[in-house]
Amino acid sequence: MSEEIEDHRLLNTSDNEPFSSVLERRVSRRGVMRGGLGMAAVGMLGSFGLTACSDDDGNVDLGDDDMAAAMALAFESIAGSQQDAVVVPPGYTAQVLMPWGTPINGGGTEWRPDLSFTPQIQANSAGMHHDGMYHFPISEENASSEFILALNNEYIDQGALWAPQGGPTNAGEGARPADEVRTEINAHGVTVAQVARDADGRWSVSRSAPYNRRLTSATPMKLSGPVAGSPYVVTAYDPTGMSTRGTNNNCASGYTPWGTYLTCEENWPAVFIKNSDRYMDDERLGISTERGRYGWETAAGDPTETDGEFARFNATPSGASAAEDYRNEPRTFGYIVEVDPYTQQSRAVKRTALGRFRHEGCWPGKLVPGEPVVFYSGHDSRNEYIYKFVSTELWRETDANMAGGSYDRLAIGDRYLDDGTLYAARFDADGNGEWLPLEPDAMVPGTAQTLAAALGLEAGDRAGVIIHTCDAADLMGATPMDRPEWGTVDPVSGEVYMTLTNNSDRTEEGTEPTFTEDASEVEALGAAYATAPVNAANPKPENAHGHVIRWREPSPGETTFEWEIFVFGAMPDTDPARNLSNLNAENYFSSPDGLWYDNRDDGQGILWIQTDTGTTPEDDNGPDFTNDQVLAVVPQGVQAGADDPSVVNSANQTQLKRFAVGPNDCEVTGIFATPDKTALFINIQHPANWPSTEDATAVTEGDVRPRASTVVIQKADGGQIAV
Ligand code: FEO
Ligand code: CA
Ligand code: CA
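The shown structure was predicted, so the numbers you read here are calculated from the model rather than taken from an experiment.

K.L.:
Explain the nonpolar core here, please?
P.N.:
Side chains of a nonpolar character, in soluble globular proteins, are inclined to be buried together. Core analysis: the largest hydrophobic core is formed by 70 residues, its most contacted members being Trp258, Leu354, Phe375, Tyr387, Leu417, Leu438 and Leu451. At 5 residues, helix α10 (residues 469–476) tops the list of elements feeding residues into this core. Apart from the residues lying within four places of it in its own chain, the contact partners of Leu417 are Thr256, Trp258, Leu262, Glu338, Arg351, Ala353, Leu354, Phe375 and Phe389. Residues Ala425, Ala429, Leu607 and Leu631 belong to the second largest nonpolar core, which totals 46 residues.

Right, dumping it as structure tokens:
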């Protein structure tokens, strides 16, 4: 997501007590997590035959020469770059794969720079603004050379989409033409396409594959879980509340152990408008009031409109009841959506049990047979929360994905994703934390009220709690975070990492909370008032460059955890006193966003960090400034001392290396490697003037119509990435 579609309003107006603890207190509590990590390292290394040694504090150190060797990154950190090209280390190649507009079946039209898009062409071609993605093997033998690629198309660049006609029609006022709206709707959503690597190492889309399809912001989808069939989601489209149309602003991705793709609805509220009779959740989530982001609702009444396809974006009540209008349409958005990539005709399912908010993404926790399956997710808005879903169903290994098999994976999803407990995270200043249940009958701390009662709901109204997930988390005392983006899990230790991208509304310790007018209804519930002062887990006021946090739980279903800050972002213009991880020209980064734990051999792995800084080469950020990028670090190779503010610190920061840099104005997001680790897939979103050839590293000469694209990074010698 670029700043273009970020919502900078402060929408959480709760009064959760800030943990008035800045740097000093955070540093003093580091010992808690260190003890836990020491134990983790012993277990991990013991099972893989490595040796490690403990120092005086009883912890296991992995970073010193005389200790067990951590896996080494076998590339030199590359310099920052500001050009219209992807930059990778020497010896690596980078190929453009499936950029926006690539036909994925016979219904598309071959891309050309002056191609005029229609709804039909766009519905049969890769969508715009690639974001999260994942791979699904068709066979175990060829899992690294041929698979189904599912990727999110988060939002659109209207200038690029409508370039041949000089831009969109009536972008800011007046009615949008119906076919322009349909085309834009079809440029959003998810692209599913088989891709394959040939003998020369070149990747291409397998256009005739039976899996290929687009899911757009108009595709019929099921609602499932607590909200399905409830009065909250009755619409003229489906008065039974069991289905809706479309998924929107799909940002980060996830996957399930049973072989389905999770696509996550993030900045969807701005495509809807509601001018009256606004619900509390309309306010909290930021439904637009005057004109939607692209004005899709203005095409309503077009003679070609079918089944309210445009009217549904205006949630202002117009009928006698919810079954006659679209007042509840926004309540059918804000979910984790499960897609079976193997079954072209299967309908995607909105899994409402995982909460309703601006979901960045969704990541499975460590899998343990006989224990619940857990999923972590974050709400990417300022001062919003981190969540965890714990399934009621216990994990059976027989449910694991069978590559290419033809069976009902969504029925397995029904068992794990429709019934369970949703929690929000409270990070305490002493390095511990607790998962707070968002259950209707949970008691609100400090009160004699149940959560349902405090929200003004009927007793036991689980659907109502989900609809009001954020308000429920307020009431239970969750910790407001610096915009949670991607998470990832070390599958061996179970440690969870999450990026907190930045937060310019994070204020100094002791700052008085402020009211906002939008808060009136929330305030009436007693959960009102702004809270953005620093807390232990988000210790920087005006956190311009973000940080990465890490936590660990005794087991996946537990409700307690220990946490620490893994690394703080910084840029060349950062006040040295705020460069807490001591970054330098080799690894400066800001606004961490994409994140992936790349599990390698011997219980070790690589933590890949991608950035979304939202600046351009024209910004004056100093000589070491760089475009958005991909960095790598082996977590087992870095450990903080008792007084270090983060795990990456002055003694070990050289272990954090810059691996790739994207073209001007882009963000780099979406990441995985093939199982054999010979190809790293990343996405380049909203580049300004790129790509010009299939070689992603070629510097664009002149002007091109920009296209978001997947980029495949490989070693020229065919070896494993980064090692
Ligand atoms: Fe779509 Fe939070 O990035
Ligand atoms: Ca993101
Ligand atoms: Ca971002």
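K.L.:
So what exactly am I meant to see when it comes to the pairing of strand β22 (residues 484–489) here?
P.N.:
Regular strands have side chains that alternate between both faces of the sheet. The buried fraction of β22 amounts to 6 of the 6 residues, a majority that puts the element mostly inside the structure. Sheet topology note: the β22/strand β23 (residues 496–500) ladder contains 4 bridges and is antiparallel. Bridge assignment links Pro484 to a residue of β23, and that residue is Leu500. Counted between consecutive antiparallel strands, the loop separating β22 from β23 contains 6 residues, among which Gly494 sits at a positive phi close to 80°.

K.L.:
How should I be thinking about the coordination of the calcium ion (ligand 2) in this particular structure?
P.N.:
In a perfect tetrahedron of four donors around a metal, the angles come out at 109.5 degrees. In a perfect octahedron of six, they are 90 or 180 degrees. Donor atoms from the polypeptide that bind the calcium ion (ligand 2) are Glu360 (OE), Glu485 (OE), Asp593 (OD) and Asp593 (OD), placed at 2.3 to 2.6 Å. For the calcium ion (ligand 2), the donor residues sit on a single chain with the sequence spacing E-x124-E-x107-D. Here the calcium ion (ligand 2) and the calcium ion (ligand 3) are spaced 3.8 Å apart, with Glu485 acting as a shared donor. With Glu360 in the loop between β14 (349–351) and β15 (363–364) and Asp593 in strand β26 (residues 592–599), the pair connects residues that are 233 residues apart, well separated along the chain.

K.L.:
What should I look at first to understand helix α7 (residues 409–417) in this one?
P.N.:
Think of an α-helix as turning once every 3.6 residues; residues three or four places apart then point the same way. Taken as a whole, α7 has its buried residues at Arg409, Leu410, Ile412, Gly413, Tyr416 and Leu417. End-on view of α7: buried residues confined to an arc of 145°, all on one side of the axis. Check the buried side of α7 and you find it contacts β12 (261–265), β13 (336–339), β14, β16 (372–378) and β18 (386–394). Backbone nitrogen of Leu410 and a side-chain oxygen of the N-cap are separated by 3.2 Å at the start of α7; the cap is Asp408.

The rules behind the values
Residues numbered from 1 in each chain as written. Chains lettered and ligands numbered in written order. Predicted model: local features only at pLDDT ≥ 70, side-chain atom pairs only at ≥ 80, totals over all residues. Heavy atoms only, no water. Core = buried A, V, L, I, M, F, W, Y, C linked by side-chain atoms within 4.5 Å. Buried < 20%, exposed > 50% of the residue type's maximum accessible area, 1.4 Å probe, protein only. Helix = DSSP H or I, 4+ residues; strand = E, 2+ residues; numbered from the N terminus. Contact = heavy atoms within 4.5 Å. Pairing = 2+ DSSP bridges. Donors = N, O, S within 2.8 Å, 3.2 Å for Na, K, Ca; no water. Arc of directions from axis to C-beta. Polar contact = N/O pair within 3.5 Å; in protein donor to acceptor, adjacent residues only side chain to side chain.

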